[in-house]
Amino acid sequence: MALTVRQKQTYFRYTQYALLAALALALILLADWPTLIDKAFNPQIIAQQFPQIITVALKNTLIYTALGFILGLSAGTLLALMKISSIAPYRWLATAYIELFRGLPALLVFLAFGYGLPLAFGLRLDNYLTVMLALGMVSAAYIGEVLRAGLEAVPHGQYEAARCLGMSHSRAMISIIIPQAFKIVLPALTNEVILLTKDSSLVYLLGMSLAQYELTKFGREGITTTGAGLTPLVLAGACYLIITIPLGILARRIEKKAKA
Amino acid sequence: MTSTPAVTIKNLHKSYGSNPVLKGIDLTVDSGQVLCLIGPSGSGKSTLLRCINLLETPDSGSIQALGQEMTSPDIDLDAARRQMGMVFQHFNLFPHLTVLENCTLAQRKVLGRSAQEAQKIALDNLAKVGLADYAQRKPSQLSGGQAQRVAIARALSMNPSLMLFDEPTSALDPETVGDVLDIMRQLAAEGMTMILVTHEISFAQQVADRVVFMADGQIVEEGSAQQVIGNPQHERTKTFLSRLLHQVN
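Residues numbered from 1 in each chain as written. Chains lettered and ligands numbered in written order. Predicted model: local features only at pLDDT ≥ 70, side-chain atom pairs only at ≥ 80, totals over all residues. Heavy atoms only, no water.

## Topic: the overall build of chain B
1) Next: Each helix and strand in chain B was counted, giving nine helices and ten strands.
2) Next: A globule of 249 residues ought to have a C-alpha radius of gyration of about 18 Å, and chain B, at 18 Å, matches this closely.
3) Next: Seen along its three principal axes, the alpha-carbon backbone of chain B occupies a region of about 55 × 50 × 40 Å.
4) Next: Per-residue burial over chain B gives 53% buried out of 249 residues.
5) Next: For chain B, contacts bridging at least 24 residues in sequence account for 65% of all contacts bridging at least 6.
6) Next: Of the roughly 10,800 Å² of accessible surface on chain B, a fraction of 45% belongs to carbon and sulfur atoms. (Helix = DSSP H or I, 4+ residues; strand = E, 2+ residues; numbered from the N terminus. Rg over C-alpha atoms; globule rule 2.2 N^0.38 Å. Buried < 20%, exposed > 50% of the residue type's maximum accessible area, 1.4 Å probe, protein only. Contact = heavy atoms within 4.5 Å. Areas by Shrake-Rupley, 256 points an atom, 1.4 Å probe, with all protein chains shown as cover.)

## Some points on the interface of chain B and chain A
1) Next: Of the residues lining the interface, 22 residues belong to chain B; the matching set on chain A comes to 17 residues.
2) Next: Taking both sides of the interface into account, the surface hidden between chain B and chain A amounts to around 1,700 Å²; carbon and sulfur atoms contribute 62%.
3) Next: Of all residues in chain B, Asp78, Phe94 and His96 of chain B give up the largest surface area on contact with chain A, accounting jointly for 31% of the area buried on that side.
4) Next: The interface formed by chain B and chain A holds two salt bridges in total.
5) Next: The salt bridge partner of Arg50 of chain B is Glu160 of chain A, with a shortest N-O separation of 2.6 Å.
6) Next: Linking chain B with chain A are five residue pairs in polar contact (both at pLDDT 80 or more).
7) Next: Secondary-structure elements contributing two or more residues to the side of chain B that touches chain A are α2 (77-82), β6 (84-87), α3 (99-109) and α5 (144-156) of chain B. (Buried area = accessible area lost by both parts, 1.4 Å probe. Salt bridge = Lys/Arg side-chain N within 4 Å of Asp/Glu carboxyl O. Polar contact = N/O pair within 3.5 Å; in protein donor to acceptor, adjacent residues only side chain to side chain.)

## Overview of the sheet that holds strand β7 (residues 162-166) of chain B
All names here are of chain B.
1) Next: Read from one edge to the other, the open sheet built from six strands follows the order β6-β7-β8-β3-β9-β10, with strand pairing classed as mixed. On the outer flanks of this sheet lie β6 and β10 (218-223), each paired with one strand and no other. On average, each strand axis in the sheet is inclined to that of its neighbour by 15°, with strand direction left out of account.
2) Next: Note: strand β3 (residues 34-38) against strand β9 (residues 210-215), four bridges, orientation parallel. Looking at β9, one finds that Cys36 is bridged to Val211. (Pairing = 2+ DSSP bridges. Axes fitted to C-alpha atoms, helices over the stretch in contact; angles between N-to-C directions.)

## Structural notes on the environment of Glu255 of chain A
All names here are of chain A.
1) Next: Within the secondary structure, Glu255 sits in helix α11 (residues 231-259).
2) Next: Through-space distance from the C-alpha of Glu255 to that of Leu165 is 29 Å; in sequence the pair is 90 residues apart.
3) Next: With residues up to four places along the chain from it excluded, the contact list for Glu255 reads Leu186 and Pro187.

## So, a nonpolar patch on the surface
Residue and element names in this part refer to chain A.
1) Next: Together, Ile28, Trp33, Leu36, Ile37, Phe41, Leu230, Leu233 and Val234 make up a nonpolar patch on the protein surface, roughly 670 Å² of accessible area in all.
2) Next: Elements represented by at least two residues in the nonpolar patch include exactly α2 (33-40) and α11.
3) Next: On the secondary structure map, Leu233 appears in helix α11. (Patch = residues over 30% accessible without salt bridge, like charges linked within 9 Å, V, L, I, M, F, W, Y side chains within 5 Å.)

## Comments concerning helix α7 (residues 127-153) of chain A
Residues and elements named next belong to chain A.
1) Next: The terminal C-alpha atoms of α7 lie 38 Å apart, and with 27 residues this matches the ideal 39 Å at 1.5 Å per residue to within 8%.
2) Next: Remark: the principal bend of α7, roughly 30°, maps to Ala140.
3) Next: Where α7 begins, the side chain of Asp126 points an oxygen toward the backbone nitrogen of Tyr128, at a separation of 3.1 Å. (Expected span 1.5 Å × (residues − 1). Bend = angle between axes of the 7 residues up to and from the residue.)

## Looking at the packing of aromatic side chains
Residues and elements named next belong to chain A.
1) Next: In total, this model carries four aromatic pairs over all chains according to the counting rule given.
2) Next: Aromatic pair Tyr97 and Phe101: ring centres 4.5 Å apart, planes at 25°, arrangement stacked. Taken as a pair, Tyr97 and Phe101 lie in helix α5 (residues 88-103) at a separation of four residues, close to a single helical turn.
3) Next: The buried category is assigned to Phe101, whose relative accessible area is 11%. (Phe/Tyr/Trp six-rings, centres within 6.5 Å; stacked < 30°, edge-to-face > 60°.)

## Structural notes on the confidence of the model for chain A
1) Next: Residues of chain A with pLDDT of at least 70 account for 98%, and the chain-wide mean is 89.
2) Next: Looking across chain A, the model is least confident in helix α3 (residues 43-49) of chain A, with a mean pLDDT of 79, and most confident in helix α8 (residues 156-164) of chain A, with 96. (pLDDT = per-residue confidence, 0-100.)

## Re the packing of α5 of chain B against helix α6 (residues 174-189) of chain B
Residue and element names in this part refer to chain B.
1) Next: Where α5 meets α6, the closest approach of the two axes is 8 Å, and the angle between their N-to-C directions is 20°. Viewed along their axes, α5 and α6 adopt a mutual orientation that is roughly parallel. Seen from α5, the contacting residues are Gly145, Gln148, Arg149, Ile152 and Leu156; seen from α6, they are Thr176, Asp179, Val180, Ile183, Met184 and Leu187.
2) Next: Here the contact of α5 with α6 is composed, by residue class, of six nonpolar, three polar and two charged. (Parallel < 35°, antiparallel > 145°, perpendicular 65-115°, else oblique. Nonpolar A, V, L, I, M, F, W, Y, C, P; charged D, E, K, R; others polar.)

Dropping the structure here:
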């Protein structure tokens, strides 16, 4: 009996589901659950991590991310405006900056700010300031590119209409173009915040006091002190998701509202 | 009738790359006049209109508008543009603002009017185009004809002395064209100086004080509507008009 095209597609899909389910089942059956629970999901160790994992580590991750984002967004906006400027040296400067900081691993930038700056200028910055600079300057490169795409996506007629009403270039940008560009790039911008949240784990490179630990460092220390497997890191991972998943949901909400 | 020129254009040239679009245009528009620019697409009429407020920079020639030398290097462009409103084919309303904010923003930020004053003027002009009830809507909630009427109200809220219309009805559904034309007719009757690029030949016939027919970057024929549309002298004009009329009928 010949199958119709649609029937074939349906059966093909069911086969895919079945394979996926079989794979998951195999993994579940093959895993060494008692060891896994003891080493990675140990309830006693989980209990030990509280409340510091929230009051210190989660809080610091949020602070570092926020500091980085504030600088990244302001510098990124500036870079995006420079990149679309009619003045060539501005464009060159912005391009050079973006290529440099987008091309380097964030880890190297952290090292440069943490150890390079003191070497070069005998300057020891406060840890929070160093974090802000390192995270902010890396994310500025990405945010700058994202915003430039957004600015260019706003139809040119919007700019012309603003100028025809007598607005200056800067007034047209501030009141008309930038607000529309932000709406366009909101999903991409959320992505940047999420990446930034995870990049904040690089702060460990700077060497810091217990009160400055963020999630990853806190988890790693937890492994050393408890000597009991991966549980502290698993918990830290869960805490990252607690930050990033609501961010994604929030962005989708705002996006929906903006479209309406 | 007074005849101070509102716009004087002398020997205007403009090319895009090696492609000349305006080849020496001379044109005078008197205050209170309604001038219609007609012609086939690619004839340079939109470019000519956009040169008047310097949305396009001419290569050579001079433009005087409302007593200011637009082509002078010393021109305060923002100040000059404040006095001339522009209406675009695709409306170009600001989609992130309400209808009312579209009409008040420039009044406040450019003219420095108070929020209250700007709002009053905006609502007056929205009432004039029959859309006072739509003040709190977003542009995306308007039909094309309504959007274009808001765009006219937005331009009028700046109290311009000259209005430029760039194919204001070309992007509209046929049934909403009439509303927009009615408002333009009313503006003309109030004595507004208007320059418009249009394909609405019957509107030009009824409202225009002067009609200019352009082709290939040059003015082929100009005169009263009766002369240019009713009794065209040049072969190009005759061909263009007969094609346009056949399309309509």
